Amino acid sequence: MTSVTDELPLAADFPRATVEDWRKLVDGVLKGAPFEKLVGKTYDGLRIDPLYPRAKGVAPVVGRPPAAPWQIMQRIDHPDAMLANTQALTDLENGATGLALVFAGGNGAYGFGLEPSADAVAKVLKDIHLDAGIGIELQIGPQSRMAAIHVAEYVKSNGIDPAACDIRFGLDPLAAGAVWGHSPYTWDEIVPAVTGGIKGLAALGFKGPFASADGRVIHDAGGSEVQELAFVLACGVAYLRAIEGAAVPLEAAQGMVYARLSADADQFLTMAKFRALRLLWARIETACGLTPKPLFIAADTAWRMLTQRDPYVNMLRATIATFAAGLAGANAITVLPHTLALGLPDPFARRVARNTQALLLEESNLARVSDPAAGAGGIETLTAQLCEAAWALFQDSEKAGGAFAALQQGVFQSRVAAARKARDANIAKRRDVLTGASEFPNLHERETTVLKATPVALAPYGEQKYNFDALPPIRLAEPFEALRDKSDAALKARGARPKVFLANLGTPADFTARATFAKSLFESGGIEAVDSEGFADPAELAAAFKASGAELACLCSSDKVYAEHAEAAAKALQTAGGRHIYLAGRPTDAEAALRAAGVTGFVFAGGDALATLQDAYRRMEQA
């Protein structure tokens, strides 16, 4: 292999850098702290080191054909079929190469969705040339399962060759059962209906794929990458077995199943997850005696990472997620519009969703490289770790009796619950930052425009005979958004938000850092921070607090200033009517004296910000 000095002769004048040299520099910065402080952990407990050597002896993980772009999918989910058709035609005319038809009751509907009737399907597909290479993906649920039949009937009735269509039918009762937490039928009763539908569609000439193994269920519920991968494997194998059991040759069944994964703003983990799924599925194909073929993987940018507050940050999150999924070989990507958590996106949000992908393909040329992560030590290591851990969990589901039985026994749900609990704790402590929601909030942001629409009303699906723990979708920012909603309600009711007075002590050099921290913390919960100049005189501080009209106060300064002035300042604030006084900083040996002087709580990095904010609202409501 050619060395750096061979390629760049000038580099010969410099000593070759080694890991040992780097480690010496790092140890100097750590100043005696353990090196393990630099080691990260995923929610599956996988180790992430700060530095990796190049991985040797690895091959690219094959996804799309060389230099082939992924399909730019656009969600079509407006309940009004005519408006949905207009949106679809606009999307196709402006860069989309595929349409994700999201029907009401589907796993990815998130409150809206198309009406699953034959009439609505015909209206939505009007003037769309299904045989012109447009990718169509159906996202359906038990209540909208007939939509697949209606689409097939529309194709045949309009004289379109089914074999010329690129339609992924999205049959996935396992994912639906996981989200709902119940099923009116046993797996043995479900299988004939699913395989009968698949065989019927194949007999009509559709090439599929037909059944979807949807990992979004796990991701949307707060689960981890390993859990998402294992769920996809379990569902995919269940469908393969079912199709083969319906007298379909395994070689034909191989192309009838595809996968969906969520892509989020953790770039390297997302890339490793998509790569790992291809390797894991190839292992299953080999175990089945099949020659591995690249699995079709559809990606959706993650629902759970969307925020209602400062939704424009969602554009950045979606761009990172699309970048990661595209480089990792996703065959089709659907970008959730940045306002989807607020309602049905307007034309601007839909255009941004399309153009996010178009720019990455046309301007950044991401499709022109195949698996650029191959050989990157960090991503290769993550890929291997994900494969090993996901395979172990998949085996647990197989021991339980397969995907449906595993859901009944809580094999996946218990692990998802543990991952979500850990994730919620880190979000509450702002270790996992949600920009615009838990950090860097903007209390004066403009209202975002969304479309007005009435969701399709669906009848309940079947009797809840077989119940198990449900995996409903969540968004990570919801607890902070609930507090912001309280603040908005107060503003509407009385013309002012709840306030906290930043009782800054000393000079700006003393208080600026902690005042900035306190402002961000309180305003992430909708409590408006009233800033102040630095005070030395307790009486002046008390007067400024009274004039602010704030319900809360927070002392902000350096430890040195606190030692000299915090007690007197707290007493002055208490005398001025301050019932709830915080101090920005960790409790010290002076905690007892400070509490005696009137300090009721401490706010600091790593503390439970969400609990502090929720308690602040309780205190204000009781006042």
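Details of the structure are given in the entry above.
Model, not experiment: these values are computed from the prediction.

As a packed pair, helix α12 (residues 313-327) and helix α13 (residues 347-363) sit with axes 10 Å apart at the nearest point and diverge in direction by 35°. The hand of the α12/α13 crossing is right-handed. Residue-level contacts link M315, A318, T319, T322 and F323 of α12 to F348, V352, T356, Q357 and L360 of α13. Of the residues in the contact of α12 with α13, the class split is 6 nonpolar, 4 polar and no charged.

Summed over the entire model, instances satisfying the criterion amount to 12 aromatic pairs. On the numbers, 4.1 Å between centres and 5° between planes, the contact of Y110 with W303 is stacked. A residue pair is termed long-range when its members are at least 10 positions apart, and Y110 in the loop between β4 (98-102) and α4 (118-125) and W303 in the loop between β10 (297-301) and α12 qualify at 193 residues. According to the relative accessible area criterion, W303 is buried, its value standing at 10%. Consider the rings of F231 and F412, whose centres lie 5.3 Å apart with planes at 90°: the pair is edge-to-face. In this pair, F231 sits in helix α9 (residues 225-245) while F412 sits in helix α16 (residues 411-428), placing the two residues 181 residues apart along the sequence. Exposure remark for F231: the relative accessible area of 0% places this residue in the buried category. Residue classification places F412 among the buried positions, given a relative accessible area of 1%. Between the NZ or CZ atom of R23 and the centre of the ring of F35, over which it lies, the distance is 3.9 Å. Positioned over the ring face of W391 is R283, at 4.0 Å from the centre of the ring.

Attention shifts here to the sheet that holds strand β11 (residues 332-334). What the 8 strands build is an open sheet, ordered β6-β5-β4-β3-β11-β10-β9-β8; its pairing is parallel. At either margin of the open sheet sits one strand with a lone partner, and together these are β6 (166-168) and β8 (211-214). Within the sheet, the average angular offset between the axes of one strand and its neighbour, ignoring direction, is 25°. Lying over the sheet, α12 contacts β9 (257-263), β10 and β11, oriented at roughly 165° with respect to β10.

Analysis parameters
Residues numbered from 1 in each chain as written. Predicted model: local features only at pLDDT ≥ 70, side-chain atom pairs only at ≥ 80, totals over all residues. Heavy atoms only, no water. Axes fitted to C-alpha atoms, helices over the stretch in contact; angles between N-to-C directions. Helix = DSSP H or I, 4+ residues; strand = E, 2+ residues; numbered from the N terminus. Left-handed = near helix turned anticlockwise from the far one by under 90°. Contact = heavy atoms within 4.5 Å. Nonpolar A, V, L, I, M, F, W, Y, C, P; charged D, E, K, R; others polar. Phe/Tyr/Trp six-rings, centres within 6.5 Å; stacked < 30°, edge-to-face > 60°. Buried < 20%, exposed > 50% of the residue type's maximum accessible area, 1.4 Å probe, protein only. Lys NZ or Arg CZ within 6 Å of the ring centre and 35° of its normal. Pairing = 2+ DSSP bridges.

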